[in-house]
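Observations on the model geometry
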Number of protein chains: 2
Amino acid sequence: MKNFIIRTLSGLAFTVLVIGSILYGPVAFAVVFGTIMTIAVSEYLNITVGKSNAGGNILLRALTIVASLSLFVNVFLVAAYGFDPLYILFAILPVLGIFISNLYVKGFNVHDIKEVDGVTVRTSNGYESHPFALGALVYVALPFSLMSIVLYDKTGVYDGNLLLCMMVMLWCTDVGAYLLGSTLGQMFGHRLFPSISPKKSWEGFFGGLVCSVAGAVVLRGVGLLELNLADAIAVGVIICIFGVLGDLVESQLKRNFGVKDSGKIMPGHGGMLDRFDGALLAFPVAIVYIIFFAA
Amino acid sequence: MKNFIIRTLSGLAFTVLVIGSILYGPVAFAVVFGTIMTIAVSEYLNITVGKSNAGGNILLRALTIVASLSLFVNVFLVAAYGFDPLYILFAILPVLGIFISNLYVKGFNVHDIKEVDGVTVRTSNGYESHPFALGALVYVALPFSLMSIVLYDKTGVYDGNLLLCMMVMLWCTDVGAYLLGSTLGQMFGHRLFPSISPKKSWEGFFGGLVCSVAGAVVLRGVGLLELNLADAIAVGVIICIFGVLGDLVESQLKRNFGVKDSGKIMPGHGGMLDRFDGALLAFPVAIVYIIFFAA
């Protein structure tokens, strides 16, 4: 019972913070989402590279966060204040710093291959860290940075409704998947992806699809989602399909590294990466659809 | 002797191809450099992920190349034909494909940690491949894609001279480093980075610096490099310092994976990654300097 209250309160606080920041305006959005991204990048590094600060991890972590924030802030400045898109190039400098700092990390140039139970493994723990820093940038920082792009309407006026609607559709997917997954999914049990997420069912997936599309139609009906009906439905479908895939991608990541939650920042909910796993894949696809294919 | 002739001829053919394509025009540039980038991306994957096609490597390789070309072509279209920079977003779709395809690769969800001689290693060969695909994009495809940005002068007219000058400065660095490294460097032997590149000396580095800056000044003198003197010298210094660092970064990569040459495409010269290792770090920094700090 106590857990339930904590879980509900922390979920509520988080939802208010996310929705509130988008509604409040661009600077609030940038501060809140920049912070969430930084936490999510840290969690990704905790999972992949480890929490230990041995082997240059402090420097790698610092440079990855600087690169992530540099990408986020520069894309935001381009979208919000009309900066030249070339400013995004500045994010390259800390990325190059990641490569260069690698040179100075002890043990990174150790090359050591062994056979373990017939499988070839490298026992150096050096070079494996460095691509995950790039992974954090592409997998976590890039999708968060792209959110800025949909914060302005065609006349250049701030309008957080579209991003808000995308969030709501993602939450609808979760709710629909839970409702049908825990009832029909339990009864019939057509499993979606047993090797990665044993509990997910096709019944839950279709529940999510129906809820996401219904959410899109309702949001459009009340005037929050300014797309025509076909586009609203398409975005609902995209958010559900790629949201579920994003969920699976993060589950695979955690399973691979033997981690249950990405972090502990939200009592009862795990980490920020767990909260945004669906968005990391769904939002970029939805944004590409909206920019290039929506009427 | 036969080797020397082959080496000279293949080096000459490569130089003619690179210089010729830049001088000929934007489409020739895009075809030649897009091809070189594709080869370099393949070589990076050969080194890091391996040449074997087991474990979903064909798909990973295909998606990485599609993502690289998508980035390259879209940045080129923005720079050369004035496309909206948002077109670069299309490169995200194959990147997401990399994450999603991962889900379907057998063994990727195997989580297996062992102790080997007191060092913790993972014996799954799955998840380690996937960040290197992102590494190929950031480390190889991004710098090649950025080259398009400096192909046009301020009035929007195609002018390959700046990129050509950057190439020449990089070659000057190599020549200067070789001349002083093989003479003074042999005599005094202040080693630059013994753990990664035992043969490099500080004497060679300063030889490269002098030659690169001298090259910049001469290129400016003959009217090919349209920068003021201070900026020309700054670009010469940047190209030398980051060119040497780029060389070290690639050496570390190869050393870590026990590889001598990145490939065999150029008889006597190794692979494309070996040819462009300096440019991968030097050109992005030079481009940022030229765009934001040159008068």
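Residues numbered from 1 in each chain as written. Chains lettered and ligands numbered in written order. Predicted model: local features only at pLDDT ≥ 70, side-chain atom pairs only at ≥ 80, totals over all residues. Heavy atoms only, no water.

1. With respect to the overall build of chain A
- Per the secondary structure count, chain A includes nine helices and four strands.
- Ordered by position from the N terminus, the helices and strands of chain A form the series α-α-α-α-β-β-α-α-β-β-α-α-α.
- Taken over C-alpha atoms, the radius of gyration comes to 20 Å for chain A, in line with the 19 Å a tight globule of 295 residues would show.
- For chain A, the spread of C-alpha atoms along the three principal axes comes to 60 × 55 × 40 Å.
- Of all 295 residues assigned to chain A, the portion counted as buried reaches 56%.
- Across chain A, contacts joining residues at least 24 apart in sequence account for 69% of those joining residues at least 6 apart. (Helix = DSSP H or I, 4+ residues; strand = E, 2+ residues; numbered from the N terminus. Rg over C-alpha atoms; globule rule 2.2 N^0.38 Å. Buried < 20%, exposed > 50% of the residue type's maximum accessible area, 1.4 Å probe, protein only. Contact = heavy atoms within 4.5 Å.)

2. A few points about helix α3 (residues 57-81) of chain B
- Here α3 of chain B is 25 residues long and its end C-alpha atoms lie 35 Å apart, about the 36 Å a rise of 1.5 Å per residue gives.
- One or two steps after α3 of chain B, the chain reaches Gly82 of chain B, where phi turns positive at roughly 65 degrees. (Expected span 1.5 Å × (residues − 1).)

3. Here's the deal with the pairing of strand β4 (residues 197-201) of chain B
All names here are of chain B.
- Where strand β3 (residues 191-193) and β4 come together, two bridges link them in antiparallel fashion. Among the inter-strand pairings, Arg191 is bridged to a residue of β4, identified as Ser201.
- Taking the residues that link successive antiparallel strands as the turn, the β3-β4 hairpin has three residues. (Pairing = 2+ DSSP bridges.)

4. Examining the confidence of the model for chain A
Residue and element names in this part refer to chain A.
- Chain-level pLDDT for chain A is 88 on average; 91% of the residues reach the 70-or-more range.
- Averaged over each element, pLDDT in chain A is lowest for strand β2 (residues 119-122) (52) and highest for helix α9 (residues 272-292) (96).
- In the predicted assembly, ipTM is 0.90 and pTM is 0.91. (pLDDT = per-residue confidence, 0-100.)

5. Thoughts on the packing of helix α6 (residues 161-188) of chain A against helix α7 (residues 202-221) of chain A
All names here are of chain A.
- Where α6 meets α7, the closest approach of the two axes is 6 Å, and the angle between their N-to-C directions is 145 degrees. In terms of crossing hand, the pair formed by α6 and α7 is right-handed. Of the residues in α7, those in contact with Cys165, Val168, Met169, Cys172, Thr173, Gly176, Ala177, Leu180, Gly181, Leu184, Gly185 and Phe188 of α6 are Glu203, Gly204, Gly207, Gly208, Cys211, Ser212, Gly215, Ala216 and Leu219. (Axes fitted to C-alpha atoms, helices over the stretch in contact; angles between N-to-C directions. Left-handed = near helix turned anticlockwise from the far one by under 90°.)

6. A closer look at a nonpolar patch on the surface
- On the surface, a nonpolar cluster with roughly 720 Å² of combined accessible area is contributed by Val175, Tyr178, Leu179, Leu180, Leu184, Met187 and Phe188 of chain A.
- As for its position among the elements, Leu184 of chain A is in helix α6. (Patch = residues over 30% accessible without salt bridge, like charges linked within 9 Å, V, L, I, M, F, W, Y side chains within 5 Å. Areas by Shrake-Rupley, 256 points an atom, 1.4 Å probe, with all protein chains shown as cover. Salt bridge = Lys/Arg side-chain N within 4 Å of Asp/Glu carboxyl O.)

7. Side note on the nonpolar core
- Grouped together as the largest cluster of nonpolar side chains are 187 residues, with contacts concentrated most on Phe33, Phe144 and Phe276 of chain A together with Phe33, Phe144 and Phe276 of chain B.
- Setting aside its immediate chain neighbours within four residues, Phe144 of chain A contacts Phe33, Ile36, Met37, Ala40, Phe72, Phe276 and Leu280 of chain A. (Core = buried A, V, L, I, M, F, W, Y, C linked by side-chain atoms within 4.5 Å.)

8. Let's talk about the side chain of Asp247 of chain A
Residue and element names in this part refer to chain A.
- Relative to the elements of secondary structure, Asp247 occurs in helix α8 (residues 229-256).
- For Asp247, the side chain forms a polar contact with the side chain of Lys200, separated by 3.4 Å.
- Setting aside residues no more than four positions away along its own chain, Asp247 makes contact with Lys200, Asp277 and Gly278. (Polar contact = N/O pair within 3.5 Å; in protein donor to acceptor, adjacent residues only side chain to side chain.)

9. Some points on the state of the cysteines
Residues and elements named next belong to chain B.
- Scanning the entire structure with this criterion turns up zero disulfides over all chains.
- Cys165 forms no disulfide, and the closest cysteine sulfur to it belongs to Cys172, at a distance of 10.0 Å.
- A residue is classified by how much of its surface remains accessible, and Cys165, at 2% relative accessible area, is buried. (Disulfide = S-S within 2.5 Å.)

10. Digging into the packing of aromatic side chains
- Using the criterion set out here, one finds 40 aromatic pairs over all chains in the structure.
- Ring centres 5.0 Å apart and planes at 45 degrees place the aromatic pair Tyr139 of chain A and Phe99 of chain B in the tilted group. With Tyr139 of chain A in helix α5 (residues 129-146) and Phe99 of chain B in helix α4 (residues 92-103), this pair bridges two chains.
- Arranged with centres 5.1 Å apart and planes meeting at 55 degrees, the rings of Phe144 of chain B and Phe276 of chain B form a pair that is tilted. (Phe/Tyr/Trp six-rings, centres within 6.5 Å; stacked < 30°, edge-to-face > 60°.)

11. Brief notes about the environment of Asn46 of chain A
Residue and element names in this part refer to chain A.
- One can find Asn46 in helix α2 (residues 26-48).
- Take Asn46: its relative accessible area is 24%, and that puts it in the partly exposed class.
- Counting along the chain gives 17 residues from Asn46 to Phe29, while the straight-line C-alpha distance between them is 25 Å.
- Residues within four places of Asn46 in sequence aside, it is in contact with Lys51 and Arg61.

12. A closer look at the pattern of salt bridges
Residues and elements named next belong to chain A.
- Overall, the coordinates contain six salt bridges over all chains when judged by the stated rule.
- Residue Lys254 is joined to Glu250 by a salt bridge in which the shortest nitrogen-to-oxygen separation is 3.6 Å. Placement of the pair is Lys254 and Glu250 together in helix α8, with a separation of four residues, close to one helical turn. In this structure, Lys254 and Glu250 share a single accessibility class: buried.
- When salt bridges with common partners are traced through the structure, they connect Glu250, Lys254 and Asp274 into a single cluster.

13. Let's talk about helix α5 (residues 129-146) of chain B
All names here are of chain B.
- With 18 residues, α5 should reach 26 Å at 1.5 Å per residue; the first-to-last C-alpha distance of 25 Å fits that figure.
- A bend of about 30 degrees at Val140 is the largest found in α5, and the proline Pro143 appears one to four places after it.
- Burial analysis of α5 places 17 of its 18 residues in the buried class, the great majority of the element. (Bend = angle between axes of the 7 residues up to and from the residue.)

14. Thoughts on the environment of Tyr289 of chain A
Residues and elements named next belong to chain A.
- Examined against the element boundaries, Tyr289 turns out to sit in helix α9.
- In this structure, the C-alpha to C-alpha distance between Tyr289 and Gly181, residues 108 residues apart in sequence, is 28 Å.
- Apart from the residues within four sequence positions on either side, Tyr289 is in contact with Asp231, Ala234, Val235, Ile238 and Ala294.

15. Regarding the packing of helix α1 (residues 2-24) of chain B against helix α2 (residues 26-48) of chain B
All names here are of chain B.
- Look at α1 against α2: their axes get within 7 Å of each other, and the N-to-C directions meet at 140 degrees. When the axes of α1 and α2 are compared, the pair comes out oblique. Of the residues in α2, those in contact with Phe14, Leu17, Val18, Ser21, Ile22 and Tyr24 of α1 are Ala28, Phe29, Val32, Phe33 and Ile36.
- Residue composition of the contact of α1 with α2, by class: 10 nonpolar, one polar and no charged. (Parallel < 35°, antiparallel > 145°, perpendicular 65-115°, else oblique. Nonpolar A, V, L, I, M, F, W, Y, C, P; charged D, E, K, R; others polar.)

16. Comments concerning the environment of Val249 of chain A
- In this fold, Val249 of chain A is placed in helix α8.
- Between the alpha carbons of Val249 of chain A and Gly34 of chain A there is a distance of 22 Å; along the sequence they are 215 residues apart.

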